[in-house]
Amino acid sequence: MQKRKVFAPEHNKVVTEEVEKLLEANFIREVFYPDFLANVVMVKKSSGKWRMCIDFTNLNKACSKDRFPLPRIDQLVDSTAGHKLLSFMDTFSRYNHILMDKDDQEKISFVTSQGLYCYKVMPFRLKNARATYQRLMNCIFSHQIGRNVKVYVDNMLEEEPPMETWMVQMDVPAMRKVGGAGVVLISLEKETFKYAVRLQFLATNNETEYEVFLIVLSLAKALGAKNLIIQADSQLIIEQHFDSLDFVQILKAKNVEANFQVRLASSDDNNATSELCVEIRGQPSIEGRHILKIKEQDKWMTPIIHYLKEGWLPEDKMEAMKIKIRETCFVIIEDVLYRQGYSLPYLRCTSSEEIDYVLCKIHERTCGNHDRARSLAGKVLRASYYWPTLQKDTYNIIRACVNASQISIRDQERR
């Protein structure tokens with residue numbers, strides 16, 4: 001039991017007013033022979049006003065700890081990512097809505113200059129107040145928590161579903177030997193995702209338009225879009241692949257962003273595309289499906305694909321363990337194996353038949369500078385290609401290129 005503290009007239013006035021409010025709200029009652037008695041503590045607010053609190057230090061030491069777990073703040077924050085709208089709510093007189101048992105009311109008594117009082121409701125500053133309140137909130141929102149509501153003690157958060165509607169602007173070039181295509185995806189919240197692809201194969205204008213449309217569908221699916229509104233300056237015939245899909249024909253002058261991506265992807269100037277990740281496609285998507293089928297000579301991909309598709313593992317325990325560890329980095333999308341990059345988009349796993357083609361095409365654009373093997377390997381990754389021997393293969397092609405240049409220089413000197 002604590003001895004009564006004496007306050008200055010200014011503080012005593014605040015205590016008197018607060019006691020009157022608590023009596024009027026029926027939160028406290030007068031008590032005469034309590035076993036526990038706590039003092040009032042005055043705390044200054046940021047606004048300059050004083051707030052009355054109760055010092056339950058002795059009572060809290062005598063009470064056992066309620067180990068009910070509180071939610072992790074960092075996990076709650078991370079789980080809100082991607083939602084269209086968040087509604088934050090806070091409760092009023094939150095702990096005071098929980099009634100105290102009559103046998104325990106006099107244990108939370110306090111003393112003022114007006115007399116002795118005890119709480120009829122759960123007050124602030126009690127040792128187990130937060131755990132008790134969290135347990136009750138979990139019961140109240142048991143059907144919503146984990147679905148659309150997050151609760152941390154007296155703070156509540158309601159989530160709207162993630163953004164599912166995207167506006168797409170696409171532009172298709174008049175097909176040359178090497179052409180580019182540009183796609184700009186815009187969410188309802190005006191978030192913009194720009195994508196460019198270089199098409200290194202001959203095709204008719206209609207085939208090129210469908211190729212770009214397949215790119216749009218793939219990107220929209222990866223972003224979790226359910227509804228698409230596609231704007232383009234062509235008369236492409238489409239079919240329904242999403243819950244709703246609207247195709248709007250617009251003027252060329254209104255398709256500036258997508259047209260700019262086309263010009264960047266079609267440019268031979270490496271500096272022009274240094275800030276943009278440009279995908280290089282050497283074959284059409286339809287024909288590419290047959291080319292990208294895993295053959296027996298692509299031994300590094302075969303066991304991973306068998307495990308991801310069928311759960312098959314070799315009898316050798318060490319080999320089986322290696323495959324289980326490696327498969328966490330890979331995913332199959334539309335029958336094509338991709339490696340998940342840490343800071344890059346999905347990297348398409350390249351077969352042995354395509355390695356030379358990819359290396360030559362990327363190296364030809366930079367051969368005049370004779371980049372190092374590591375630099376060339378980085379450009380291959382930025383072009384969204386991957387295979388296990390990438391570093392070794394880039395070293396060999398750079399070494400062969402340098403040796404050929406030295407032989408050419410010696411021949412010219414002899415002449």
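Residues numbered from 1 in each chain as written. Predicted model: local features only at pLDDT ≥ 70, side-chain atom pairs only at ≥ 80, totals over all residues. Heavy atoms only, no water.

## Regarding the overall build of the protein chain
Turning to step 1, where the next piece is worked out: From N to C terminus, the protein chain includes 13 helices and 18 strands.
Turning to step 2, where the next piece is worked out: Burial statistics for the protein chain: of 415 residues in total, 38% are counted as buried.
Turning to step 3, where the next piece is worked out: In the protein chain, the share of contacts with a sequence separation of at least 24, taken over all contacts with a separation of at least 6, comes to 61%.
Turning to step 4, where the next piece is worked out: When the accessible surface of the protein chain is summed, it comes to about 25,700 Å², and 52% of that surface belongs to carbon and sulfur atoms. (Helix = DSSP H or I, 4+ residues; strand = E, 2+ residues; numbered from the N terminus. Buried < 20%, exposed > 50% of the residue type's maximum accessible area, 1.4 Å probe, protein only. Contact = heavy atoms within 4.5 Å. Areas by Shrake-Rupley, 256 points an atom, 1.4 Å probe, with all protein chains shown as cover.)

## A few points about a positive patch on the surface
Turning to step 1, where the next piece is worked out: Positive charge collects at one region of the surface, where Lys 21, Lys 45, Lys 49, Arg 51 and Arg 125 lie side by side.
Turning to step 2, where the next piece is worked out: Tracing the backbone through its elements, the reader meets Arg 125 in the loop between strand E6 (115-119) and helix H5 (129-140). (Patch = residues over 30% accessible without salt bridge, like charges linked within 9 Å, V, L, I, M, F, W, Y side chains within 5 Å. Salt bridge = Lys/Arg side-chain N within 4 Å of Asp/Glu carboxyl O. Lys, Arg positive; Asp, Glu negative; His and termini not counted. Charge placed at Lys NZ, Arg CZ, Asp CG, Glu CD.)

## Considerations on the side chain of Asn 96
Turning to step 1, where the next piece is worked out: Mapped onto the elements, Asn 96 comes out in the loop between strand E4 (86-90) and helix H4 (102-105).
Turning to step 2, where the next piece is worked out: Looking at Asn 96, its side chain comes within polar contact range of the main-chain oxygen of Met 122, at 3.1 Å.
Turning to step 3, where the next piece is worked out: What Asn 96 contacts, discounting residues up to four positions off in sequence, is Phe 27, Val 121, Met 122, Pro 123 and Phe 124. (Polar contact = N/O pair within 3.5 Å; in protein donor to acceptor, adjacent residues only side chain to side chain.)

## Let's talk about the sheet that holds strand E8 (residues 155-159)
Turning to step 1, where the next piece is worked out: With antiparallel pairing, the three strands of this open sheet are ordered in space as E4-E8-E7. A single partner strand is all that each edge strand has here, and the edge strands are E4 and strand E7 (149-152). Neighbour-to-neighbour, the strand axes of the sheet open up by a mean angle of 15°, direction not taken into account.
Turning to step 2, where the next piece is worked out: Pairing of E4 with E8 involves five bridges; the strand directions are antiparallel. (Pairing = 2+ DSSP bridges. Axes fitted to C-alpha atoms, helices over the stretch in contact; angles between N-to-C directions.)

## Some points on the side chain of Gln 134
Turning to step 1, where the next piece is worked out: Inspection of the secondary structure puts Gln 134 in helix H5.
Turning to step 2, where the next piece is worked out: Residue classification places Gln 134 among the buried positions, given a relative accessible area of 1%.
Turning to step 3, where the next piece is worked out: If near-sequence neighbours (up to four positions away) are discounted, Gln 134 is found in contact with Phe 68, Pro 69, Leu 70, Pro 71, Val 151, Tyr 152 and Val 153.

## Things to note about the sheet that holds strand E17 (residues 347-349)
Turning to step 1, where the next piece is worked out: The strand order across the open sheet built from four strands is E15-E16-E17-E18, with neighbouring strands paired in mixed fashion. In the strand order of this sheet, the two ends are held by strand E15 (330-333) and strand E18 (385-386), each with one partner.
Turning to step 2, where the next piece is worked out: Looking at chain direction, strand E16 (residues 336-339) and E17 are connected through two bridges and run antiparallel. Within E17, the position partnered with Tyr 338 by the bridge is Arg 348.
Turning to step 3, where the next piece is worked out: The strands touched by helix H9 (residues 302-310) within the sheet are E15 and E16, with E15 carrying the most contacts at an inclination of about 70°.

## Some points on the nonpolar core
Turning to step 1, where the next piece is worked out: Counting 30 residues, the largest nonpolar core has Ile 28, Ile 54, Phe 110 and Tyr 119 as the members making the most contacts within it.
Turning to step 2, where the next piece is worked out: Sorting the residues of this core by element identifies helix H1 (9-24), strand E2 (38-44), strand E3 (50-54), E6, H5 and E7 as the ones contributing at least two each.
Turning to step 3, where the next piece is worked out: Residues within four places of Phe 110 in sequence aside, it is in contact with Val 19, Ile 28, Leu 37, Ala 38, Val 40, Ile 54, Gly 115, Leu 116, Tyr 117 and Tyr 119.
Turning to step 4, where the next piece is worked out: If you look at the next biggest cluster of nonpolar residues, it comprises 24 residues, including Trp 300, Ile 355, Tyr 385 and Leu 390. (Core = buried A, V, L, I, M, F, W, Y, C linked by side-chain atoms within 4.5 Å.)

## Some remarks on the pairing of E15
Turning to step 1, where the next piece is worked out: Strand direction decides the pairing type here: E15 and E16, joined by four bridges, are antiparallel. Opposite Ile 333, over in E16, you have Val 336 as the bridge partner.
Turning to step 2, where the next piece is worked out: In textbook terms, the turn of a hairpin is the stretch between consecutive antiparallel strands, and for E15 and E16 this stretch comprises two residues, one of which, Glu 334, has a positive phi near 50°.

## Considering the layout of surface pockets
Turning to step 1, where the next piece is worked out: By volume, the second largest pocket amounts to about 490 Å³.
Turning to step 2, where the next piece is worked out: What lines the second largest pocket is a set of 19 residues, among which Glu 18, Leu 22, Arg 51, Asn 96 and Phe 124 lie closest to the centre.
Turning to step 3, where the next piece is worked out: When residues of the lining of the second largest pocket are assigned to their parent elements, the largest contribution, four residues, is made by E3.
Turning to step 4, where the next piece is worked out: By residue class, the composition of the lining of the second largest pocket is eleven nonpolar, three polar and five charged. (1 Å grid on protein atoms, 1.4 Å probe; cavity = no way out; pocket = protein on both sides within 12 Å on 5 of 7 lines; lining within 4 Å. Points joined across faces, edges and corners; volume = space filled by probe spheres on them. Nonpolar A, V, L, I, M, F, W, Y, C, P; charged D, E, K, R; others polar.)

## Here we look at the environment of Arg 372
Turning to step 1, where the next piece is worked out: The residue Arg 372 is located in the loop between helix H11 (352-364) and helix H12 (373-382) in this model.
Turning to step 2, where the next piece is worked out: The exposure class assigned to Arg 372 is exposed, which follows from its relative accessible area of 71%.
Turning to step 3, where the next piece is worked out: Distance in space between the C-alpha atoms of Arg 372 and Ile 398 is 6.9 Å, their sequence separation being 26 residues.

## A closer look at the pattern of salt bridges
Turning to step 1, where the next piece is worked out: One pass over the structure, following the stated rule, counts five salt bridges.
Turning to step 2, where the next piece is worked out: Where Arg 135 meets Asp 66, a salt bridge forms, and the shortest distance between an N and an O atom there is 3.1 Å. Of this pair, Arg 135 sits in helix H5 while Asp 66 sits in the loop between helix H2 (57-62) and helix H3 (73-79); the two residues are 69 residues apart in sequence, bridging distant segments of the chain.
Turning to step 3, where the next piece is worked out: Looking at Arg 135, the relative accessible area reads 32%, which means it is partly exposed.

## Topic: the packing of aromatic side chains
What characterises a pair of aromatic rings is the spacing of the ring centres plus the angle enclosed by the ring planes.
Turning to step 1, where the next piece is worked out: By the definition in use, this model includes six aromatic pairs.
Turning to step 2, where the next piece is worked out: Ring centres of Trp 300 and Tyr 386 lie 5.9 Å apart, and the angle between their planes is 75°; on these two criteria the pair is classed as edge-to-face. Placement of Trp 300 in the loop between helix H8 (285-291) and H9 and of Tyr 386 in strand E18 is noted, with a sequence separation of 86 residues between them. Taken as a pair, Trp 300 and Tyr 386 share a single burial class, namely buried.
Turning to step 3, where the next piece is worked out: These aromatic residues form a ring-pair network of at least three members: Phe 110, Tyr 117 and Tyr 119.
Turning to step 4, where the next piece is worked out: Sitting over the face of the ring of Phe 330, Arg 339 holds its NZ or CZ atom 5.9 Å from the ring centroid.
Turning to step 5, where the next piece is worked out: It is Arg 339 that lies over the ring of Tyr 386; its NZ or CZ is 4.9 Å from the centre. (Phe/Tyr/Trp six-rings, centres within 6.5 Å; stacked < 30°, edge-to-face > 60°. Lys NZ or Arg CZ within 6 Å of the ring centre and 35° of its normal.)

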